[in-house]
Amino acid sequence: MVSTAPALRKRRPPEPPAPTRRRRSLRPALVGWSFILPNFLGFALLTLVPMVFGLALSFMEWSPWGDPEWVGFENFERMLRNSTFWIALWNTTYYAAGHIPLTMAVSLGLALLLNRTLAGLGFFRTAFFLPYVTSLVAVAVVWNMLFNPASGPVNQFLQFVGVSDPPGWTSSTAWAMPAVIVASVWRDMGYYMVLFLAGLQTIPTELYEAARVDGANAWQRFRNVTLPGLRPTTFFVLIMCTVASFKVFDLIVVMTDGGPGRATKVLSQLIYEEGIREGRFGLASAISLVLFLLVAGFTVVQFLLQRRRED
Amino acid sequence: MGVRKVALSVLLVALCLLVLVPFVWMISSSLKHDNQVFTVPTQWVPREFVWSNYADIWTQIPMLAYLRNSAFLAVTISFLQVLTGSFAAYGFSKLRFPGRDWLFLAYLATIAVPWQAYMIPQYLIMEQVGLVDTHLSIILLQAFGAFGVFLMRQYYQSIPDELIEAARIDGLSEYRIWWRIMVPLSRPAIASLGLLTFVSTWNDYMGPFIYLTSNELWTVQLGLRSFVGQYDAAYAMIMTGSVISVLPVVLVFLLGQRQFIQGIATSGLKG
């Protein structure tokens, strides 16, 4: 505020003569555009154009060695015949089906625990949030060691509580994905916890008071006050979490590199391998389109469900 | 009441310890010899502190160069993102002109599109203009994100229009209003966006992984990953590298914690 004071005090002479009608209608548009342009140029060239270009590319045959050629649905046919595509699609869905509900449940639980006045609250919040600022490379490397089948602390703990034959985690095809999901939930829960905490603050305390007066117990208060009050936040978290889990890449590449075998290969990894490593730009773009449609479809369904619940 | 509070505190402390286990493992292993990392039972406090790991890592891999590259990219990208984002946000929130809302919708719609869905055509464009394997490619890729515009606009919406009106009557141009009024008033939002961008670019793996092939351009994340691939049994040194790669962001986060968390909370509130 202080810095604005001199500017406000410096009164200018009376208004300049009114501009002509034509200039008046053009000027605000030019000024407005000039503000947006620096960001928009980068955004358009590197986001909007590639998006449209990618759509066209999925109907083309294009490799680093040949000229682009229109091939209709050939890339999609090739994609459907590719067994790795189906495995990656299944793995991506598996990861999302584990990651989304677990992350949401854990982060909501933490937010509910922290949504009160308590000594050391700031410390707990920081501790729960800390994994989120840790790079996925470090997260993957550390969890790989924690999950070490022979002598990692996770299996030592499992043996200690009486599991005689603990899983092989990242070295077993059945347990590699659960291991990745555990690491990802640990990393992301703090982020969504902050979103849930912000949502919880918007619920008026009077509602809780009223529910208490009506004799509602803790569970009833949660069902009938907290959950409805959190609905916009839950919706936002669900969408963010969905987008994030369908594009999972870093964690899997470093933790398992899609293995063992193809047990944790996901779609974004396949897009990278086919497109950038093998130079099959058309095929990779077709897979990209599937990934996009998955996310968009899920978002639209959630949006419709959310709207119907509000009516 | 008192009993419940104590029970809650105990629960929170227990959860906290559980959540911090990977960090404890990281730090404790970084101070061991390789053959002491996996022992039964796990030694959470090293029997002998091997501080030399922290001296040796700089000669094992070009860690200093990696850190410099990461810092350069993260600082440049954060600066550009804040600058262009807040500039555009002023246009979107305080100016009226044809096509504005339509354009903003385009920004919003792309936030939900995963990067993987358009990274191939983006790569082809970068290749055409000869930017693959340069730092500039990463900067261009990340400095103009829709998220920054969205976050800054959220904050600008909360600044009353009357203030802008008054400045206009005083004869300030829109550019000066942005510089002299909006920028100083939105310092918390600028800090939030700057911190969020810094941390996400420092931690990014996929972007540099695809674009940067020359070792001398690598970021800490790429360097660490390649180290793990080369010496997969150098457990202690790998953890030393991890600690060093995580330390700068943790420090940045702890210093700017309030703005950081505020920024995330703001982005989640409907505007």
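Conventions and cut-offs
Residues numbered from 1 in each chain as written. Chains lettered and ligands numbered in written order. Predicted model: local features only at pLDDT ≥ 70, side-chain atom pairs only at ≥ 80, totals over all residues. Heavy atoms only, no water. Helix = DSSP H or I, 4+ residues; strand = E, 2+ residues; numbered from the N terminus. Rg over C-alpha atoms; globule rule 2.2 N^0.38 Å. Buried < 20%, exposed > 50% of the residue type's maximum accessible area, 1.4 Å probe, protein only. Patch = residues over 30% accessible without salt bridge, like charges linked within 9 Å, V, L, I, M, F, W, Y side chains within 5 Å. Areas by Shrake-Rupley, 256 points an atom, 1.4 Å probe, with all protein chains shown as cover. Salt bridge = Lys/Arg side-chain N within 4 Å of Asp/Glu carboxyl O. Contact = heavy atoms within 4.5 Å. Buried area = accessible area lost by both parts, 1.4 Å probe. Polar contact = N/O pair within 3.5 Å; in protein donor to acceptor, adjacent residues only side chain to side chain. Phe/Tyr/Trp six-rings, centres within 6.5 Å; stacked < 30°, edge-to-face > 60°. Domains from an automatic or database assignment. Nonpolar A, V, L, I, M, F, W, Y, C, P; charged D, E, K, R; others polar.

(A) Structural context of the overall build of chain A. Helix and strand content of chain A: 14 helices and 2 strands. At 26 Å, chain A has a C-alpha radius of gyration far larger than the 19 Å of a compact globule built from 311 residues. With the principal axes as the frame, chain A shows a C-alpha extent of 85 × 70 × 40 Å. In chain A, buried positions account for 52% of the 311 residues.

(B) Focus on a nonpolar patch on the surface. Residues Val24, Trp44, Val45, Phe49 and Trp51 of chain B make up a contiguous nonpolar surface patch of roughly 540 Å² in combined accessible area. Looking at the element boundaries, tryptophan 44 of chain B is found in the loop between α2 (34-37) and α3 (53-60).

(C) Representation of the interface of chain B and chain A. Contacts between chain B and chain A engage 102 residues on the former and 93 residues on the latter. Interface area for chain B against chain A, summed over the two sides, is near 8,500 Å², with a carbon-plus-sulfur share of 77%. Taken as a group, Leu12, Ile120 and Asp170 of chain B account for 8% of the area that chain B buries against chain A, more than any other trio of residues on that side. At the boundary of chain B with chain A, the tally comes to 0 salt bridges. The interface formed by chain B and chain A contains 12 residue pairs in polar contact (both at pLDDT 80 or more). Of all the elements, helix α1 (residues 2-30) of chain B adds the most residues to the side of chain B that touches chain A, at 14 residues.

(D) Structural context of the packing of aromatic side chains. Throughout the structure, instances matching the rule amount to 45 aromatic pairs over all chains. Ring centres 5.6 Å apart and planes at 65° place the aromatic pair tryptophan 143 of chain A and tryptophan 186 of chain A in the edge-to-face group. Of this pair, tryptophan 143 of chain A sits in helix α6 (residues 136-146) while tryptophan 186 of chain A sits in helix α8 (residues 176-201), and the two are 43 residues apart along the sequence. Using a relative accessible area of 10% as the deciding quantity, one classes tryptophan 143 of chain A as buried. Ring plane angle 80° and centroid distance 5.2 Å describe the contact between phenylalanine 253 of chain B and phenylalanine 260 of chain B, whose orientation is recorded as edge-to-face. The class for phenylalanine 253 of chain B is buried, based on a relative accessible area of 0%.

(E) Representation of the pattern of salt bridges. This structure, assessed with the given rule, holds 8 salt bridges over all chains. For aspartate 188 of chain A, the salt bridge identified is with arginine 187 of chain A, shortest N-O distance 3.8 Å. Overall, aspartate 188 of chain A belongs to the buried group, its relative accessible area being 13%. Measuring nitrogen to oxygen at the nearest pair gives 2.7 Å for the salt bridge that ties lysine 94 of chain B to aspartate 161 of chain B. Residue lysine 94 of chain B is located in helix α4 (residues 63-94), and its partner aspartate 161 of chain B is located in helix α9 (residues 161-169); the two are separated by 67 residues in the primary sequence. On the basis of relative accessible area, aspartate 161 of chain B is assigned to the partly exposed category, the value being 42%.

(F) Geometry of the side chain of glutamine 122 of chain B. Within the secondary structure, glutamine 122 of chain B is located in helix α6 (residues 119-128). In this structure glutamine 122 of chain B comes out as buried when scored by relative accessible area, which is 2%. At a separation of 2.7 Å, a polar atom in the side chain of glutamine 122 of chain B contacts the side chain of tryptophan 115 of chain B. Discounting chain neighbours no more than four positions away, the residues touching glutamine 122 of chain B are Leu46 and Pro50 of chain A together with Trp115, Leu141 and Tyr211 of chain B.

(G) Structural context of the domain arrangement of chain A. All names here are of chain A. One can read the domain layout of chain A as domain 1 (18-70) and domain 2 (76-310). Counting from both sides, the interface comprises 11 residues of domain 1 and, opposite them, 10 residues of domain 2. Carbon and sulfur atoms supply 65% of the area buried between domain 1 and domain 2, which totals about 690 Å² over both sides. Summed over the three residues of domain 1 that lose the most area to domain 2, namely Leu57, Ser58 and Trp62, the buried surface amounts to 50% of that side. Counting the contacts that link domain 1 with domain 2 gives 1 salt bridge. Close ionic contact of arginine 78 with glutamate 61 constitutes a salt bridge, the shortest N to O distance being 3.7 Å. Elements with a contribution of two residues or more to the side of domain 1 that touches domain 2: α2 (21-57) and β1 (60-61). The element contributing the most residues to the side of domain 1 that touches domain 2 is α2, with 3 residues. Partitioning the side of domain 1 that touches domain 2 into residue classes produces 7 nonpolar, 3 polar and 1 charged.

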